[in-house]
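Architecture at a glance
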Amino acid sequence: MDMLILSSVAVSIMAASTPLLFAAMGELVAEKSGVLNLGVEGMMLAGAVLAFIVGLETGSGILAIAAGAAMGALMAALFAVLTLGLLANQVATGLALTLFGIGLSALLGQSYVGTPIPPLPKLSVGGLSDIPLLGPVVFGQDALVYLSFAMTAGVAYFLYRTRAGLVLRSVGENPHAAHSIGFPVIAIRLAAVLFGGAMAGIGGAYMSLSYTPMWAEGMIAGRGWIALALVVFATWRPARILLGAYLFGGLTIAQLHMQGSGQIEIPAQFLNMVPYLATIVVLVLISRDATRIRLNAPASIGKVFHPDG
Amino acid sequence: MIKLTRRSFSAMTLAAGAAAALPARAADPFKVGFVYVGPIGDHGWSYQHDQGRLAIEAEFGDKVETSYVESVPEGADAERVITQLARSGHKLIFTTSFGYMNPTAKVAKNFPDVMFEHATGFTRASNLATYAARFYEGRYVAGILAGHVSKTNKVGYIASIPIPEVIRGINAFTLSARKINPAIEVTPIWVNSWYDPGKEADSAKALIDQGADIILQHTDSPAPVQTAEERGVWSVGQASDMAKFGPKSHMTAIIDDWAPYYVERTRQAMAGSWTSGDIWGGFDTGMVKMGDYNSALPEAAVAEAKAAHDAISAGTLHPFTGPIKNQAGETVVADGATLDDGELLGMNWYVEGVNGKVPS
């Protein structure tokens with residue numbers, strides 16, 4: 001019985017962590033190129049609503065996920081035009097993008113409220129998925145959960161093991177130096193921002209296709225902001241983002257279980273606060289070693305780049 | 001600062017009055033305004049209020065003009081929105097969340113000619129009425145079903161914010177469920193939000209993992225119903241019928257129906273017979289309704305639920321009739337006695353059978 005609960009809890013934690021992982025990894029790549037896009041929440045919402053609409057109309061999970069990614073990238077493209085093309089302030093534009101995403105998704109989803117959709121199919125590998133404990137965790141997830149791991153590994157490899165990744169990081173460290181030796185700074189940043197948008201869109205798609213398979217206004221409920229915090233919390237390291245996403249997802253689920261078990265006399269409000277509190281504590285602990293953070297933080301983050309400036 | 005605000009308010013009132021006087025014709029539509037705390041797309045609380053607004057339009061056609069402002073934060077922002085509605089010629093304004101109480105009262109003072117209706121509050125004035133619904137009557141009926149169908153004797157209850165309204169619902173449900181099956185235990189999880197589909201689904205999963213085979217919710221999204229369906233346990237819809245989200249799992253729903261009240265009050269306001277007051281309506285007024293009963297429920301359970309509904313509606317059954325024991329097992333309501341409305345409105349304790357403590 002306990003084993004069953006354990007595996008079920010593990011599955012819940014994975015579900016809670018997956019959208020955070022997608023959005024945070026996307027944002028990491030954008031920030032590594034020197035662009036701070038605070039519009040993650042808006043991009044996730046836009047991705048969620050379009051993925052839902054396409055999923056409902058076509059019945060295809062793959063098309064739905066692709067639509068979510070495309071919608072996120074489209075939102076990011078708007079951000080890129082303003083910040084990379086017209087040199088608008090990144091912080092203000094990112095905030096505007098979130099507000100825009102909230103409104104746009106509500107508008108697009110207006111006639112889809114109150115319509116359920118069958119969830120994304122879960123993997124089923126013969127008898128393997130029925131193995132107690134490990135079966136549902138390792139072999140019983142939907143495609144997006146596996147994709148999130150593959151994507152994390154891919155991003156980590158790209159950033160630290162490929163030449164293109166090195167170029168992207170150098171653009172984030174010192175765009176003027178990169179520009180002077182002939183790298184197309186704006187194009188590289190555009191690609192990074194679009195990737196970030198696509199990942200946020202997939203994170204949103206996961207919410208509306210798998211986590212709670214429906215569309216409801218504002219259903220991302222702040223997860224975009226958590227993803228943003230995660231990037232800083234992880235001090236811009238992919239492996240730590242993975243860890244952070246699961247820590248956060250785990251704490252969220254654990255506090256619900258603690259409440260439900262009814263044995264622990266801790267106020268519910270405090271338990272609700274625990275994930276955030278833990279984030280702050282870890283942040284403080286890590287921040288004591290300032291040099292190591294500086295090594296990972298992109299030096300030019302949030303600064304507007306102009307080739308003549 | 002306050003003086004300045006007041007002066008500018010009255011200046012605005014005068015200006016608005018003068019402006020409104022010019023185009024006033026007998027054929028002008030009667031303007032009704034609504035303030036919602038959530039998006040009308042929440043498929044829950046605000047959605048149901050908006051259904052009431054649409055009912056007014058359907059009833060009076062060209063004779064009325066309605067407008068609404070959604071997702072208005074409770075507090076200072078609300079005051080600005082309500083003032084705006086009053087100033088733009090709305091004669092009857094519904095503010096539909098508890099947190100709008102003080103802003104509504106303030107604005108009502110500044111616009112004595114405008115009629116205000118505030119949901120779930122207790123501050124009233126000659127032009128400010130209050131209204132609320134006895135949702136706990138619906139919870140009591142849902143408890144009867146739960147008492148009949150639970151096999152694990154564990155019920156999970158996704159609770160929003162620890163206010164008497166929510167605690168009353170938990171207690172009413174627990175009382176009737178344990179009348180049928182005294183072994184039932186109800187475990188609430190507080191999510192401290194009215195609306196967060198992801199967290200509501202997570203809570204439902206946690207409760208089901210811990211053995212609950214019925215999920216109740218006092219939050220607004222259909223996510224718990226969906227989760228219950230996926231995991232093969234029972235659920236009860238909140239605010240509107242959610243059967244679409246869980247055809248097998250949805251036992252029934254506790255539906256808020258504001259339409260009859262809104263239509264009636266608009267009719268009175270238009271006729272000039274509107275007076276301030278306070279109404280706390282339940283099954284008898286049609287403000288609270290039960291959704292369709294799932295055909296998979298045992299017939300006896302449904303029959304008993306319907307009987308309880310009719311008895312409550314007729315006034316012969318009060319959900320909070322003694323003997324009622326608290327968590328410590330002490331009798332707090334004597335056999336045959338009932339709790340009065342004042343005690344219900346301030347309820348901050350659990351009855352026997354609820355696990356955990358009321359968050360303080």
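If you're wondering where the values come from, they're calculated on a predicted model, not measured in any experiment.

With that settled, the discussion passes to helix H7 (residues 197-209) of chain B. Residue and element names in this part refer to chain B. With 13 residues, H7 extends 18 Å from end C-alpha to end C-alpha; this agrees with the ideal 18 Å at 1.5 Å per step. Of all the 13 residues making up H7, 13 are buried; the element is thus mostly covered by neighbouring parts of the structure. Of the residues trailing H7, Gly-211 is marked for its positive phi of about 105 degrees.

The next subject is the nonpolar core. Ranked by internal contacts, the top residues of the largest apolar core, which has 181 residues, are Ala-24, Ala-48, Ala-51, Leu-230 and Ile-241 of chain A together with Ile-215 of chain B. Examining the composition of this core, we find that 16 residues originate from one element, helix H9 (residues 185-211) of chain A, more than from any other. No fewer than three residues from each of domain 1 (2-133) and domain 2 (135-255 + 287-345) of chain B sit in this core. Setting aside residues no more than four positions away along its own chain, Ala-51 of chain A makes contact with Ala-64, Ile-65, Ala-67, Gly-68, Gly-204, Ala-205, Ser-208 and Leu-209 of chain A.

Turning next to the domain arrangement of chain B. Residue and element names in this part refer to chain B. Examined at the domain level, chain B breaks down into domain 1 (2-133) and domain 2 (135-255 + 287-345). Domain 1 and domain 2 are separated by 33 Å when their C-alpha centres are compared. Opposite the eight residues of domain 1 that make contact, domain 2 presents 11 residues. Of the residues assigned to the side of domain 1 that touches domain 2, the class counts are three nonpolar, four polar and one charged.

Tallying the contact residues gives 34 residues for chain A and 31 residues for chain B. Elements supplying a minimum of two residues to the side of chain A that touches chain B: helix H1 (2-32), helix H4 (90-109), H9, helix H11 (238-261) and helix H12 (268-287) of chain A. It is H11 of chain A that contributes the most residues to the side of chain A that touches chain B, seven residues altogether. In terms of residue class, the side of chain A that touches chain B is built from 17 nonpolar, 15 polar and two charged.

Turning next to the pairing of strand S7 (residues 185-190) of chain B. For S7 of chain B, the tally of buried residues reaches five of six residues, placing the bulk of the element in the interior. For the handedness criterion, the β-α-β arrangement of strand S6 (residues 154-159) of chain B, helix H6 (residues 164-180) of chain B and S7 of chain B is classed as right-handed.

Before going further, it helps to examine the packing of helix H6 (residues 143-161) of chain A against H11 of chain A. All names here are of chain A. Put simply, H6 and H11 touch, their axes get as near as 9 Å, and they point 155 degrees apart. On the basis of their axis angle, the class for H6 and H11 is roughly antiparallel. Facing H6, whose interface residues are Thr-152, Val-155, Ala-156 and Leu-159, H11 presents Pro-238, Ala-239 and Leu-242. Among the residues forming the contact of H6 with H11, the class breakdown is six nonpolar, one polar and no charged.

Procedures and definitions
- Residues numbered from 1 in each chain as written.
- Chains lettered and ligands numbered in written order.
- Predicted model: local features only at pLDDT ≥ 70, side-chain atom pairs only at ≥ 80, totals over all residues.
- Helix = DSSP H or I, 4+ residues; strand = E, 2+ residues; numbered from the N terminus.
- Expected span 1.5 Å × (residues − 1).
- Buried ≥ 20, exposed ≤ 12 C-beta atoms within 10 Å, placed from the backbone.
- Core = buried A, V, L, I, M, F, W, Y, C linked by C-beta atoms within 7 Å.
- Domains from an automatic or database assignment.
- Contact = placed C-beta atoms within 7 Å.
- Nonpolar A, V, L, I, M, F, W, Y, C, P; charged D, E, K, R; others polar.
- Right-handed = clockwise from strand over helix to strand, strands pointing away.
- Axes fitted to C-alpha atoms, helices over the stretch in contact; angles between N-to-C directions.
- Parallel < 35°, antiparallel > 145°, perpendicular 65-115°, else oblique.

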